[in-house]
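For reference, the chains in residue letters:
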Amino acid sequence: YRTWQAFWPVFTQAVKDGANVIDADEYMGGLTPSYKVSTVDPIINKITNLGVPFVAAAGNFGSNFISYQNPSAGFTYYPLPQTQALTASGAITVAAYDVDQKTIAEYSSIGPSPDLLFKPDIMAPTNIDTIGLKGSYRNFNGTSAATPVISGCVTLVKQAHPDWTSEEIKASLMNNAEIKYNPQNNEPITWLLQGAGLVNVYKAVTTPALITPYSTLMTPDNLKPITFNIKNTSDTTQTFNISSELT
């Protein structure tokens, strides 16, 4: 358990020290929806606008709900991960994909964010063997295990394309993620759990184009036109076919 107030000075100092990416895979306490939107999100977005991608764990609360007591309205319920995860628009919020079960990990927190942002953004593998102390190996689970995978992918993309902005790096990962299907019914796993899909860093590095916005979310009472921007990152002419599907 950690608080945002304890961590944000560390994050801002990392930016001053020239960090290439910030990895926040801790549970963040005290993030009420109003505090998140008014205080936390602007700081994270400022960090990403300075060219430092911010990668954060979605949390391990599955589809649970958390309650906040409002003296005037009683209890208001918010689905996690939003209330205890870092879900600013500029952050890359990471869900967990169980490599053994070949599906979303049952504990990986559901979206969207309380201010109706598309969250989580992407999945990374978990339930994997990783190097421990003194040359040992250990099995690593949780969105805290998935988040460093995305941070490593961000670093590889940034190394290959040092002129790309944080938004372009995020676009490369989300544009090229692989949509995963429920093994029980062969239907796509809801974006509320998998985001854009399972990361594919090779496709992200070699992508011929970047498409933004990489995600969007609208409610029936707030429908509006969307303008997509396509940036050709290759040396040849590219042709794209556009289609849409309601999910």
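The rules behind the values
- Residues numbered from 1 in each chain as written.
- Predicted model: local features only at pLDDT ≥ 70, side-chain atom pairs only at ≥ 80, totals over all residues.
- Heavy atoms only, no water.
- Axes fitted to C-alpha atoms, helices over the stretch in contact; angles between N-to-C directions.
- Helix = DSSP H or I, 4+ residues; strand = E, 2+ residues; numbered from the N terminus.
- Parallel < 35°, antiparallel > 145°, perpendicular 65-115°, else oblique.
- Left-handed = near helix turned anticlockwise from the far one by under 90°.
- Contact = heavy atoms within 4.5 Å.
- pLDDT = per-residue confidence, 0-100.
- Buried < 20%, exposed > 50% of the residue type's maximum accessible area, 1.4 Å probe, protein only.

Some details on the packing of helix α3 (residues 143-160) against helix α4 (residues 166-175)
Relative orientation and spacing of two packed helices are given, respectively, by the angle between their axes and the distance between those axes.
Reasoning step 1: α4 packs onto α3 with a crossing angle of 115° between their chain directions and a minimal axis gap of 10 Å. Judged by the angle between their axes, α3 and α4 are roughly perpendicular. Taken as a pair, α3 and α4 cross one another with a handedness that is right-handed. Judged by residue contacts, Ile150, Cys153, Val154, Val157 and Lys158 of α3 engage Ile169, Ser172 and Leu173 from α4.

A closer look at the confidence of the model for the protein chain
Reasoning step 1: Per-residue confidence for the protein chain gives a mean pLDDT of 86, with 87% of residues at or over 70.
Reasoning step 2: Averaged pLDDT values over the elements of the protein chain bottom out at 50 in strand β6 (residues 74-79) and peak at 98 in helix α6 (residues 201-206).

Observations concerning the environment of Val149
Reasoning step 1: By the element assignment, Val149 lies in helix α3.
Reasoning step 2: Judged by relative accessible area, Val149 falls into the partly exposed class, the value being 26%.
Reasoning step 3: When the C-alpha atoms of Val149 and Met123 are compared, they prove to be 9.5 Å apart, with 26 residues separating the residues in sequence.
Reasoning step 4: Among residues more than four places away in sequence, those in contact with Val149 are Ala124 and Pro125.

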